Structures are given as structure tokens and as C-alpha cells.
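In case you want the letters, here they are:
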Amino acid sequence: MILENIADEFRKSLQTQGCLSIKQRKQKLESLKIKIQSSQSEINKALKLDLGKSEFETYTTEIGFILEEISYTLKHLEYWASVKKVKTPIALFPGKSFIHAEPYGVVLIISPWNYPFQLCLSPFIGAIASGNKVVLKPSEFAPHTAKLINELISSVFSDSEVCVVEGGLAETQTLLKQKFDYIFFTGSTAVGKIIMKSAAEYLTPVTLELGGKSPCLIEESANIDLAAKRIVWGKFLNAGQTCVAPDFVLVPEHLQEELIQRMKYYLNLFYTEDTKDCADYSRIINHRHFDRLSDLLNELHVAIGGDLNRDENFISPTVLRDVQWSDKIMEDEIFGPLLPILTYTKLEEALKNILKYPKPLAFYLFSENTAKQQSIISQIPFGGGCINDTVVHLANPNLPFGGVGTSGIGSYHGQKSFDTFSHYKSIYHQSSVVDLPLRYPPYNEKKLNWIKLFLR
Ligand code: NAD
């Protein structure tokens with residue numbers, strides 16, 4: 001298909017052939033699942049080449065995540081897609097009311113490089129489950145994974161159902177000039193604005209899964225040992241290149257040293273003292289991001305790590321102590337293995353400082369005090385998060401995943417993915433036998449009094 005008018009071509013085929021039936025969608029998703037299961041070694045290889053990702057992380061955060069999402073969708077799709085009868089008010093007697101889920105039509109999915117398999121296929125599953133034609137644009141910065149996704153999908157879906165576009169800026173711009181019925185974008189806030197501007201041209205609805213600085217707040221009552229363990233796990237997973245990674249940690253001043261010591265202990269336990277030789281630790285995606293991250297380290301107090309190797313795009317898990325709000329590292333999302341620790345003496349001060357930033361994608365709170373947990377969670381607006389853990393909230397398909405404000409618009413995962421890619425069409429089905437005269441002119445006081453009885 002020609003890239004310049006791919007959206008129109010897909011729309012034409014949708015009008016002539018219609019969308020896939022629920023049964024066909026399930027068969028396609030089942031085939032995709034089988035194909036992924038039998039291609040695990042190729043997927044491992046691609047992610048090793050793109051990000052130096054370990055087989056364990058590739059399974060837990062990419063392959064396993066997608067298999068589970070497909071299984072969950074297969075289990076529930078029939079119900080999600082069924083016509084739902086809803087109540088009808090007495091004033092509309094004797095009709096009945098129904099909601100039909102229909103696919104938007106032709107959707108464009110644009111994804112980033114950091115979880116290049118999962119972040120491409122997770123929305124894709126929702127788009128297919130809802131019956132859409134899909135144009136999928138993986139990130140050019142994870143080229144091995146992009147190529148493999150193209151091969152996997154082409155072996156299951158026909159050219160008239162899905163098109164995977166491998167390419168960079170030029171190809172994405174060509175796509176964005178066209179009228180899609182929905183655009184689902186995952187990436188930076190800056191590019192999110194470009195996507196929304198392009199979508200506005202056709203009033204195309206969007207989901208924007210963006211980023212930002214996700215704070216991690218340790219409250220006085222927290223279990224410091226457990227906090228240290230779960231924070232370094234969530235932060236240094238995929239070498240910190242995770243949209244929901246804790247961006248920075250806030251800890252009561254008198255607990256900073258203990259926290260750092262426990263973080264050091266767990267980092268040695270997880271990745272050994274010589275992290276560069278540890279197969280479980282990922283690499284920075286490219287030199288551009290390596291240089292950006294190295295620059296952030298200047299003039300900061302390194303408490304743990306700080307080892308750099310540009311040839312291998314390696315940055316060791318690095319914890320920074322006594323970081324100030326005015327330091328450069330506190331300006332933008334870090335998106336790498338650098339973890340600034342800031343201290344506070346009064347909780348209110350810490351909350352006030354967090355609120356100075358745009359609403360984050362994630363927020364993490366470590367606290368053993370139930371009243372404080374509830375009060376803090378209700379004071380900070382954020383996309384989603386955890387109490388006494390990091391990152392794992394996105395693994396529950398019953399929790400919609402997405403940002404708010406500059407960290408995103410809309411959400412997905414589980415049923416929310418089906419909802420995202422569906423238009424809910426409302427239908428009132430009136431009786432042709434009974435026709436109450438109340439609403440028709442000529443109006444009179446008697447009719448009005450009846451209406452007033454119903455509409456109060
Ligand atoms: P990015 O915004 O640079 O790129 C994302 C996608 O947009 C890529 O496919 C790229 O080809 C395309 N793109 C880049 N520049 C473009 C332009 N000018 N016009 C049109 N398309 C363009 O993001 P990235 O570097 O790939 O990923 C990192 C960012 O993504 C971080 O901010 C991170 O927080 C965010 N992210 C968010 C989530 C989430 O679920 N909310 C998940 C992963 C990453």
C-alpha cells in the first residue's frame with residue numbers, strides 16, 4: 001500500500017468489506033499469541049540488540065505482559081463487545097435503550113523505543129479487539145524490534161487489516177498528514193503536542209501516553225529497607241528508561257543516609273558490584289541519550305555508582321545525595337539510571353514542592369501510616385501509582401493506565417483498551433405499536449402537567 005494515502009485505502013476497504021467479526025478478531029489474536037510464543041528467541045535477540053535487555057526482563061516486561069494482555073482480552077472480548085441494554089426513564093416509555101460498541105475505523109498507533117515490543121503491541125491488541133484497521137509505527141530507535149514486529153504481524157494479519165510502518169520522522173510526518181479515525185501515541189510530551197496539533201486538523205480523537213517527572217515520597221513511618229529495595233528495582237529496571245520509573249526520591253533528612261546504605265546493599269545484590277558485566281542490566285539506547293544523561297551528572301554528589309562507558313552506552317545505577325530543587329537534573333524527566341535524592345524536614349514542604357511540577361504520570365508513596373497514605377494520595381494529582389511499591393500498578397489489567405495533564409490524555413490496558421478504540425453508539429429503540437400523544441403539539445396545560453410529573 002502507498003504510505004501517502006494509506007488511511008483512505010484502509011477506510012475504503014472498511015466500507016466495502018466491513019470490520020472483522022468478534023470471532024475473527026479472537027482467531028487473529030489467538031494466532032498472534034501462538035506466533036509470539038514460538039518467536040521468543042527472536043524477540044529476546046532483538047531486545048538484546050536494541051537495549052541490551054536480559055531475557056528475564058524481556059519476558060516479564062515485554063513478552064509475558066503481551067501474552068497476558070491477549071489472554072485477558074480473549075477471555076472478556078465477547079462480553080465487552082456485546083450490545084448492552086440500559087435503563088430507560090419512564091418519560092420515554094415504552095421504548096428500550098441499548099449501547100453498541102463499534103470500531104472507530106482506521107487507527108494510527110505510534111510507539112517509543114524503551115519497551116519497544118510491549119508499547120507497540122499492547123495498544124494494538126485493544127485496537128484489533130475493537131475491530132479497527134491499524135497502522136502501526138514502531139520506534140526507529142529500536143530497529144531490530146521494529147523489524148521483528150513487522151514480520152510477526154505480517155504473518156498473522158493481511159495487508160488490508162494492518163500495516164506496520166518502519167521508519168523515522170519523514171514516514172511519521174507522512175502519516176500525520178492523513179485523516180485517521182483515532183491516534184494513539186506513546187512518547188514524549190513535546191512530540192505529544194505535535195501529534196495533537198496534527199490530529200486537530202481533522203478533529204481526530206487522541207490518546208496521548210506521555211512522560212514527566214514521577215516523584216517517590218518516603219514518609220516518616222515507612223519501612224526504609226523495603227522502600228530502598230522496591231525503589232531501586234523500579235528505578236533501574238531497563239536502566240531507568242521506564243516512563244513510570246521513580247524520577248526522584250524525597251526522604252526525611254534524618255533517614256537519607258540509612259536509605260542510601262540500603263539502596264547500596266540491594267544494588268550490589270541485584271546487579272553485583274561490577275554492574276557492567278552483569279547480564280541483567282540494560283544499556284542506554286544510544287549516544288544521544290548517553291550524552292544527555294552524562295551532562296546531568298555534572299556537579300552533583302554521587303552516593304552510589306556514577307560509572308560511565310560511552311562505547312557501550314553504559315551508565316551504572318547511580319544514586320545522588322542532597323540534590324536541590326534548583327539543580328538542572330530537577331528540570332526535566334531523567335529517563336535513565338540516575339536517581340536524585342532530596343530531603344525534607346516538614347511533610348507539607350515536600351508536598352508543596354511536588355505540586356509545583358506538572359501532574360506526573362506516576363506517584364509512589366512509602367508509608368505505614370494509613371491516615372497519612374489517604375491524605376497524601378488525595379492531595380497529589382497523578383496518572384496512577386503505588387503505595388509501598390513502584391511501577392507494578394501497570395501490570396494489573398483492571399487498573400486503567402494513563403497520565404493526566406502534561407503526562408497524558410486517556411488510558412488503556414484491559415477493558416479500557418477496548419473502550420479506548422471503540423465508539424459507544426447509543427440507540428433508543430421505540431415501539432411502533434404504542435405512541436403516547438403527550439409530546440406532540442398542540443400543547444396544553446393538561447399535557448404539561450403530565451410532563452411535569454415525569455420530569456422533576
Ligand atoms: P519520542 O516522543 O521522541 O518518540 C515517540 C514516537 O514519536 C517515535 O515513534 C518517533 O518516531 C515519533 N516521533 C518523534 N519525533 C516526532 C515528530 N517530530 N513528529 C512526529 N513523530 C515523531 O519519545 P521516545 O524518546 O521514543 O520515548 C521517550 C518518552 O516517551 C519519555 O518521555 C517517556 O516518558 C515517554 N513514554 C511514555 C510512556 C507512557 O506509557 N506514558 C511509555 C513509554 C515512554
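Caption draft 1: Seen up close, the site of the ligand. Around the ligand, 26 residues are found, and the nearest of them are Ser111, Glu140, Ser188, Leu210 and Glu333. Interatomic distance of 2.8 Å between a side-chain N/O atom of Trp113 and an oxygen atom of the ligand. A distance of 2.5 Å separates an oxygen atom of the ligand from a polar side-chain atom of Glu333. Isolated, the ligand exposes 840 Å² of accessible area, and the fraction of that covered by the protein chains is 91%. Those elements giving two or more residues to the shell around the ligand turn out to be α7 (169–176), β6 (182–186) and α8 (189–201).

Caption draft 2: Structural detail: the nonpolar core. Judged by nonpolar contacts, the single largest core of 114 residues is most densely connected at Ile36, Phe124, Leu217, Ile218 and Met263. Counting residues per element, this core draws most heavily on helix α4 (residues 55–81), which supplies ten residues. Of the residues that make up this core, three or more belong to each of domain 1 (3–210 + 405–425) and domain 2 (215–402). Contacts of Leu217, omitting those with residues within four sequence positions, involve Leu250, Tyr344, Leu347, Ala350, Leu351, Phe363, Tyr364, Leu365, Phe366 and Ile376. Core analysis: the next-biggest nonpolar cluster, separate from the first, contains 19 residues, Val106, Leu108, Cys163 and Phe180 among them.

Caption draft 3: Region of interest: the sheet that holds strand β18 (residues 422–429). Strand order in the open sheet formed by three strands is β1-β2-β18, with antiparallel pairing between adjacent strands. In this open sheet, the two strands that pair with only one neighbour each are β1 (84–86) and β18. In this sheet, neighbouring strand axes are inclined to one another by 30° on average, regardless of whether the strands run parallel or antiparallel. Where strand β2 (residues 96–103) meets β18, eight bridges bridge the pair, whose relative direction is antiparallel. When the bridges of β18 are listed, His100 appears paired with Lys425.

Rules used in this analysis
- In this convention, every chain numbers its residues from 1, walking through the sequence in written order.
- Local features are withheld for residues below a pLDDT of 70 in this predicted model, meaning they are given only at 70 or higher, and side-chain atom pairs are given and counted only at 80 or more; totals for whole chains, interfaces and linings count all residues.
- Hydrogens and water are ignored here; the side-chain numbers use all heavy atoms of the structure.
- One heavy atom suffices: a residue is near a molecule or strand as soon as one of its heavy atoms comes within 4 Å of it.
- Contacts described as polar in this section are N or O atom pairs within 3.5 Å, which, within protein, must combine one atom able to donate a hydrogen with one able to accept it, while residues neighboring in sequence count only if both atoms come from side chains.
- The Shrake-Rupley method, run with a 1.4 Å probe, gives the accessible areas here. Residue values count only the displayed protein chains as cover.
- Going along the chain from the N terminus, every DSSP run of H or I of four or more residues is numbered as a helix, and every run of E of two or more is numbered as a strand.
- Put simply, buried Ala, Val, Leu, Ile, Met, Phe, Trp, Tyr and Cys residues joined by side-chain atoms within 4.5 Å make one nonpolar core.
- Three labels apply to residues, based on accessible area from a 1.4 Å probe with only protein chains included: buried if under 20% of the type maximum, exposed if over 50%, partly exposed otherwise in between.
- Throughout, the edges of the domains are those of an automatic or database domain assignment.
- Contacts were defined at the residue level, with two residues in contact if any of their heavy atoms lie within 4.5 Å.
- A pair of strands counts as paired when DSSP detects no fewer than two bridges linking them.
- Note on method: axes are straight lines fitted to C-alpha atoms, helices fitted across the in-contact stretch only, with angles between N-to-C directions ranging 0 to 180 degrees.

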